[in-house]
Protein chains: 2
Amino acid sequence: MNQKMDEKWIVGVDLGGTTIKMAFITTYGDIVDKWEIPTNKKDAGKHITTDIARAIDSKLEEKGRLKNTLIGIGMGAPGFIEMDTGFIYQAVNIGWRNFPLKDRLEMETGLPVTVDNDANIAALGEMWRGAGDGAKNLLLVTLGTGVGGGIVANGQILHGVNGMAGEIGHITSIPKGGEPCNCGKSGCLETIASATGIARIATENLQAHTDSRLWTVYQSAGMLTAKDVFEAADENDAFALKVIDEVAFHLGLAIANLANSLNPEKIVIGGGVSKAGDTLLQPLKNHFKTYALERVGAGAEFRIATLGNDAGVIGGAWLAKQ
Amino acid sequence: MNQKMDEKWIVGVDLGGTTIKMAFITTYGDIVDKWEIPTNKKDAGKHITTDIARAIDSKLEEKGRLKNTLIGIGMGAPGFIEMDTGFIYQAVNIGWRNFPLKDRLEMETGLPVTVDNDANIAALGEMWRGAGDGAKNLLLVTLGTGVGGGIVANGQILHGVNGMAGEIGHITSIPKGGEPCNCGKSGCLETIASATGIARIATENLQAHTDSRLWTVYQSAGMLTAKDVFEAADENDAFALKVIDEVAFHLGLAIANLANSLNPEKIVIGGGVSKAGDTLLQPLKNHFKTYALERVGAGAEFRIATLGNDAGVIGGAWLAKQ
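Quantities reported herein were computed from a predicted structural model and do not represent experimental measurements. (Residues numbered from 1 in each chain as written. Chains lettered and ligands numbered in written order. Predicted model: local features only at pLDDT ≥ 70, side-chain atom pairs only at ≥ 80, totals over all residues.)

Engineer: In this structure, what is going on with the sheet that holds strand β13 (residues 301-304) of chain A? I would like to understand it.
Structural biologist: Either a parallel or an antiparallel arrangement is found when strands of a sheet pair, and the pairing is made through backbone hydrogen bonds. All names here are of chain A. Taken together, five strands build an open sheet; the order of strands is β11-β10-β9-β12-β13 and the sheet is mixed. Every other strand in the sheet has two partners, leaving β11 (156-157) and β13 as the edge strands with one partner each. Sheet strands touched by helix α9 (residues 238-262): β9 (138-143), β10 (147-153) and β12 (266-270). Its angle to β9, the strand with the most contacts, is close to 160°. (Pairing = 2+ DSSP bridges. Helix = DSSP H or I, 4+ residues; strand = E, 2+ residues; numbered from the N terminus. Contact = placed C-beta atoms within 7 Å. Axes fitted to C-alpha atoms, helices over the stretch in contact; angles between N-to-C directions.)

Below, the structure written as structure tokens:
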């Protein structure tokens, strides 16, 4: 056994629509063990807290540890959360509606529970142990199927008056005539800079660029993905580069406008699309620089997120530690 | 004498390019006495701290009070400030460059001094005793010669990594082909929604609207002001209403985008232009609603600032009280 027997652990939990990521984490942010269990959405998600409690108990047993090793649980969940009470108004992907998450999980585990939004705990994770490098003013922008975000200011996550702070994906990039967004508005950043948005922009403009290698990909696969666009750009495909430049323009403008208001030290780009690395980061930095105040630009550093899927459980542990 | 003799006071100081606003304020935010002294910019502003110290002493004498009545000074200053040390990198309007404001003023007065940016202390003032009504998540947008701002989140003013947070006036509203801004960029919100910007937009488009009463005003005065535009709008002048709607569109979009990230409870509009009241607020709210997430819009209330010129000294006192 590597760990000292008197070492205390925190449980980090990151609830997703398909799996629940869990980890035992030291008070210094080191992962002792991590594992996943399936998200059981039966009966409007009422079994989830029991599943988590059971998973904690069996992992403790496996490690030969007693319950008093654990000092608390920090959990990230999707949806609208009332911070003080850990009450979930609505989490569409899970099936919860008016679900007292904190109370239920505390009852089932006997441990103190802290709950926050999943994008927010990822930002805290990156701040503590990831690309944020301890920066107390940090912006996390997650580019995946959608566009999410978490804002850390003065070392605290911002929630706003009713838990909506950090909804960076719904900054309006195209005020008139933009694409409809899942949120009910149109022209949101999410309709452009998500994996879905990038694929859509490429597909919509493909007819006029049959010389592009994306045309060939489309002909054989019947569709385009964001990954296809970045791969073509890496091969210097002019059309793919143009699509990425358009995406980077809207993303750079939105982030610069936010940075002029928040003056972050680190701007961390996460999510699946961030795997594109410099192919996205270079044009993004250029457009950002055009629209950020000089002193704001000088104070901000772009980074690709480093924790990947562990950001949530580590951020959860940080939250519980506070 | 109305005040109890054992009551403690805080000194609020709001430094401007022309005058220094000063006040003795109770720990509950009530103004005991307020007054102004001229801003002495001679010798690169080196006499300012002595002037403030002297003004405090003579006002104390006038009130028949001893120095131990005062518990500290909270001061707002223009320019770039290092928060921890109260060091002013640069305040162009005053003449300061690398000026140790906090240290100097503490030395001259023997009182503890807290310094912050002038727009920030105005936001704190409105939060504490003005239109903010104690809201812990508040956005102050000041529409004057320029456009300034202060952001309160979780009850704290945001400064960012190098004191630039809240520079709402330099959100880019027109990414391509916008008007040059004093900051060196172009198309900033300040070029549109400031008093200067409103007058400029009206003047530039006047030739095509000789039926507007603004044309008559321009013919006789040789120029237009923002006040002229709002007055014409109040008389239902179609061109003036169109100019205000354009301004309100850009302002509403910028504030909604910020609100989607910060989720404020109160959005307080201050500065000279805010005197237009509902003539500005109505179209502003409409455009805001189009671009804010529904739940963000539901959580936010627009208010006109109520403290006027007292916001700075009251916010300064709040800062010193912390």
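Past the structure itself, the notes keep going.
Engineer: Would you mind going over the relation of the copies chain A and chain B with me for this structure?
Structural biologist: To go from the first copy of the chain to the second, apply a rotation about an axis and then a shift along the same axis. With an axial shift of 0.0 Å and an RMSD of 0.1 Å, the rotation relating chain A to chain B amounts to 180°. Read as a symmetry element, the transformation amounts to a two-fold axis. Judged by C-alpha distance, A:Leu258 is the residue of chain A that lies nearest the rotation axis, at 3.5 Å. A share of 100% of interface residues in chain A that are also interface residues in chain B marks the association as one of identical surfaces. (Least-squares fit on C-alpha atoms with pLDDT ≥ 70 in both.)

Engineer: Help me understand the interface of chain A and chain B in this model?
Structural biologist: Interface extent is often summarised as the accessible area lost during association of the parts. Listed by partner, the interface residues are 36 residues for chain A and 36 residues for chain B. For the side of chain A that touches chain B, the elements supplying multiple residues, two or more each, are β10, α9 and α11 (294-299) of chain A. For the side of chain A that touches chain B, the element with the most residues is α9(A), which contributes seven residues. Of the residues belonging to the side of chain A that touches chain B, the class tally is 18 nonpolar, 14 polar and four charged. (Nonpolar A, V, L, I, M, F, W, Y, C, P; charged D, E, K, R; others polar.)

Engineer: Can you help me understand the sheet that holds strand β6 (residues 87-91) of chain A in this one?
Structural biologist: Residue and element names in this part refer to chain A. The sheet built from three strands is open, its strands ordered β5-β6-β7 with antiparallel pairing. The two strands at the open ends of the sheet, each matched to only one other strand, are β5 (80-82) and β7 (96-99). Ignoring which end each strand starts from, the neighbouring axes of this sheet average 15° apart. Pairing of β6 with β7 involves three bridges; the strand directions are antiparallel.

Engineer: Whenever I open this one, helix α2 (residues 48-63) of chain B confuses me. Can you help?
Structural biologist: Since one α-helical turn is 3.6 residues long, residues separated by three or four positions face the same way. All names here are of chain B. The terminal C-alpha atoms of α2, which comprises 16 residues, lie 23 Å apart, in line with the 22 Å expected from a rise of 1.5 Å per residue. Turning to α2, its buried residues are Ile-48, Thr-49, Ile-52 and Ile-56. Along the axis of α2, the buried residues cluster in a sector spanning 100°; they form a single face. Opposite the buried face of α2, at more than 90 degrees from it, the exposed residues are Ser-58, Glu-61 and Glu-62. (Expected span 1.5 Å × (residues − 1). Buried ≥ 20, exposed ≤ 12 C-beta atoms within 10 Å, placed from the backbone. Arc of directions from axis to C-beta.)

Engineer: In this structure, what is going on with the packing of α9(A) against helix α10 (residues 278-291) of chain A? I would like to understand it.
Structural biologist: Geometry of a packed helix pair, given as the angle between the helix axes and the separation of the axes. Residue and element names in this part refer to chain A. Contact pair α9 / α10: the axes reach a minimum separation of 7 Å and the direction vectors enclose 45°. Between α9 and α10, the angle is such that the two are oblique. The chirality of how α9 crosses α10 is right-handed. Contact residues: α9 offers Ile-244, Asp-245, Ala-248, Phe-249, Leu-251, Gly-252, Leu-253, Ile-255, Ala-256 and Asn-257, while α10 offers Thr-279, Leu-280, Pro-283, Leu-284, His-287, Phe-288 and Tyr-291. Its residues assigned to classes, the contact of α9 with α10 shows twelve nonpolar, four polar and one charged. (Parallel < 35°, antiparallel > 145°, perpendicular 65-115°, else oblique. Left-handed = near helix turned anticlockwise from the far one by under 90°.)

Engineer: Which parts of the structure should I look at to understand the pairing of β9(A)?
Structural biologist: Sheet faces and side chains relate simply in a regular strand, where the side chains alternate between the two faces. Residues and elements named next belong to chain A. Burial analysis of β9 places six of its six residues in the buried class, which makes it a mostly covered element. Sheet topology note: the β9/β10 ladder contains six bridges and is antiparallel. Counted as the bridge partner of Val-141 is Gly-149 from β10. The hairpin turn running from β9 into β10, its antiparallel successor, is three residues long.

Engineer: Is there a simple way to explain unusual backbone geometry in this structure?
Structural biologist: Negative phi is the rule for most residues except glycine; trans is the rule for most peptide bonds. Residues and elements named next belong to chain A. Even without a glycine there, the phi angle at Asn-154 is positive, about 55°. For Asn-154, the location among the structural elements is in the loop between β10 and β11. Backbone geometry places Asn-263, a non-glycine residue, at a positive phi of 50°. As for its placement among the helices and strands, Asn-263 is situated in the loop between α9 and β12. For Asn-263, a count of 27 C-beta atoms within 10 Å gives the class buried.

Engineer: Explanation requested: the environment of B:Gly150 in the structure shown.
Structural biologist: Residues and elements named next belong to chain B. The topology assignment puts Gly-150 in strand β10 (residues 147-153). Along the chain, Gly-150 and Pro-175 lie 25 residues apart, while their C-alpha atoms are 23 Å from each other. Apart from the residues lying within four places of it in its own chain, the contact partners of Gly-150 are Ala-119, Asn-120, Ala-122, Ala-123, Leu-140, Ile-157 and Gly-166.

Engineer: Explanation requested: the environment of B:Thr114 in the structure shown.
Structural biologist: All names here are of chain B. Examined against the element boundaries, Thr-114 turns out to sit in strand β8 (residues 113-117). Sequence separation between Thr-114 and Asp-84 is 30 residues; the distance between their C-alpha atoms is 9.1 Å. Other than its neighbours up to four places away in sequence, Thr-114 contacts Gly-72, Gly-74, Leu-319 and Ala-320.

Engineer: Is there a simple way to explain the domain arrangement of chain A in this structure?
Structural biologist: Residues and elements named next belong to chain A. You can read the domains of chain A as domain 1 (9-124 + 310-321) and domain 2 (134-306). Inter-centroid distance (C-alpha atoms) of domain 1 to domain 2 is 29 Å. Domain 1 puts twelve residues into the contact, and the matching count from domain 2 is 13 residues. The set of elements that each furnish at least two residues to the side of domain 1 that touches domain 2 consists of β5, β8 (113-117) and α4 (118-129). Looking at which element gives the most residues to the side of domain 1 that touches domain 2, the answer is α4, with five residues. Taken together, the residues that form the side of domain 1 that touches domain 2 break down as eight nonpolar, two polar and two charged. (Domains from an automatic or database assignment.)

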